[in-house]
Amino acid sequence: MKKMLSIVLALMLMFSAAACSDGGQTEESKASSVSAAAPASAVVTLPETVMYDEGGIKITATGLDEDSVFGPQVKLTIENDSSAGVLVQTGYCVVNGWAVGCSLSQEVSAGKKADAEMTISRTDLENAHVETLAQIECTLRMIDPESFVNSTETGWITLATDAAEPAALQPEGTELFAESGIRITALEQTDSLMGKGIRLYIENSTEADYTFTASEVSVDGYMVNGNLYADIPAGRKAIAELILLDDEENSERIENMTSLEFCVDRLNLNDLTDHETVGPFTVAF
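Residues numbered from 1 in each chain as written. Predicted model: local features only at pLDDT ≥ 70, side-chain atom pairs only at ≥ 80, totals over all residues. Heavy atoms only, no water.

## What to know about the packing of aromatic side chains
Within the structure shown, the criterion is met by five aromatic pairs. Relative to Tyr201, the ring of Trp98 lies with its centre 5.9 Å away and its plane at 65°, an arrangement referred to as edge-to-face. Placement of Trp98 in strand β5 (residues 98-99) and of Tyr201 in strand β14 (residues 195-204) is noted, with a sequence separation of 103 residues between them. There is no split in this pair, since Trp98 and Tyr201 are both buried. Between Phe262 and Phe281 the ring centres are 5.9 Å apart and the planes differ by 65°, which places this aromatic pair in the edge-to-face class. Remark: Phe281 occurs in strand β21 (residues 275-284) and Phe262 occurs in strand β20 (residues 259-267); sequence separation between them is 19 residues. (Phe/Tyr/Trp six-rings, centres within 6.5 Å; stacked < 30°, edge-to-face > 60°. Helix = DSSP H or I, 4+ residues; strand = E, 2+ residues; numbered from the N terminus. Buried < 20%, exposed > 50% of the residue type's maximum accessible area, 1.4 Å probe, protein only.)

## Some details on the sheet that holds strand β6 (residues 102-103)
An order of β1-β2-β3-β8-β6 is seen for the five strands of this open sheet, with the pairing classed as antiparallel. Among the strands making up the open sheet, the edge pair consists of β1 (49-54) and β6. As paired elements, strand β2 (residues 57-65) and strand β3 (residues 73-80) share eight bridges and run antiparallel to each other. Each residue of the ladder has a partner; that of Lys58, found in β3, is Glu79. (Pairing = 2+ DSSP bridges.)

## Some points on the pairing of strand β18 (residues 229-232)
Going residue by residue along β18, you find Ala230 and Ile232 tucked away on one face and Tyr229 and Asp231 left uncovered on the opposite face. Sheet topology places strand β15 (residues 210-219) next to β18; four bridges connect them, and they run antiparallel. Note on β18: the bridge partner recorded for Tyr210 is Ile232.

## Some words on the side chain of Glu137
Looking at where Glu137 falls in the secondary structure, it is placed in strand β9 (residues 135-143). Residue classification places Glu137 among the buried residues on the basis of a relative accessible area of 11%. Among the polar contacts made by the side chain of Glu137, one reaches the side chain of Arg236 at a distance of 2.9 Å. Ignoring sequence-local partners within four residues, the contact set of Glu137 consists of Tyr92, Cys93, Val94, Trp156, Ile157, Thr158 and Arg236. (Polar contact = N/O pair within 3.5 Å; in protein donor to acceptor, adjacent residues only side chain to side chain. Contact = heavy atoms within 4.5 Å.)

## A closer look at the layout of surface pockets
Put simply, the largest pocket is a space of about 470 Å³. If you trace the largest pocket, you find 23 residues lining it, with Gly101, Asp124, Tyr229, Ala230 and Asp231 closest to the centre. Only β4 (86-95), α2 (122-127), β18 and β19 (236-244) provide two or more residues apiece to the lining of the largest pocket. The greatest single-element share of the lining of the largest pocket, amounting to five residues, is contributed by β19. What the second largest pocket holds in volume is close to 230 Å³. Around the second largest pocket, the lining residues are Gly91, Tyr92, Thr139, Arg141, Glu153, Trp156, Asp209, Tyr229, Asp231, Leu269 and Asn270. At the level of elements, β4, β9 and β18 are the ones that each hand at least two residues to the lining of the second largest pocket. When the residues that make up the lining of the second largest pocket are grouped by side-chain class, the tally is four nonpolar, three polar and four charged. (1 Å grid on protein atoms, 1.4 Å probe; cavity = no way out; pocket = protein on both sides within 12 Å on 5 of 7 lines; lining within 4 Å. Points joined across faces, edges and corners; volume = space filled by probe spheres on them. Nonpolar A, V, L, I, M, F, W, Y, C, P; charged D, E, K, R; others polar.)

This is the structure in structure tokens:
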């Protein structure tokens, strides 16, 4: 009996000590958990918005997915109640005032509907330091999938998320050109899988949409292949990259370049007589 009583008392003491110990650890772990917890990042949402509803074609933005590999995706539902098939593609895309690349190509047969995604280039967003999608502007093309002739191009469509518009970024660099509503500024040097290059800030304050390309590209006086292509609509801006194609002949020269010279061509695709070449510009490294 004494032995049994001793065992019971020992068990009671053990449970009592464990309870006190657990209580202290619980409070500490709560405090530790609160202090160590990282603030949750805000999730940007896009309310359902009818983007286009004409001629039996209805396009509705149903949401936003920011986790796609190649860039944020605007989720779409395309309804075709017309008598013919349609191929829907993107035209221009602008995020927070920055012209960026985007992709959409969805064919919908007559009387059918489809879910699709408009993917916005993550690389272009990062180059423009766009971290929050507050306003997305775009144009869409309705194409006859049989003849591939442009049948309809929409005007500007605006999608507003629940995020606040961020402060405008003014990149700092070497101004190369600032005339007639066009400003070109050389920014930092870049290094990519295709070769070295340089980022350019291009601002189009005119009333026309322009495509910008590069010509007469040379490194330390030697001609090289350089690639620049930027569609910048009226009143918008972009961070574009002039890439020097790293071919076998010029690989070492590009790797060790001390100066880069190039011209910039601008062309109005709606009026081929409206074009101009500016430069040459020289950037030293």
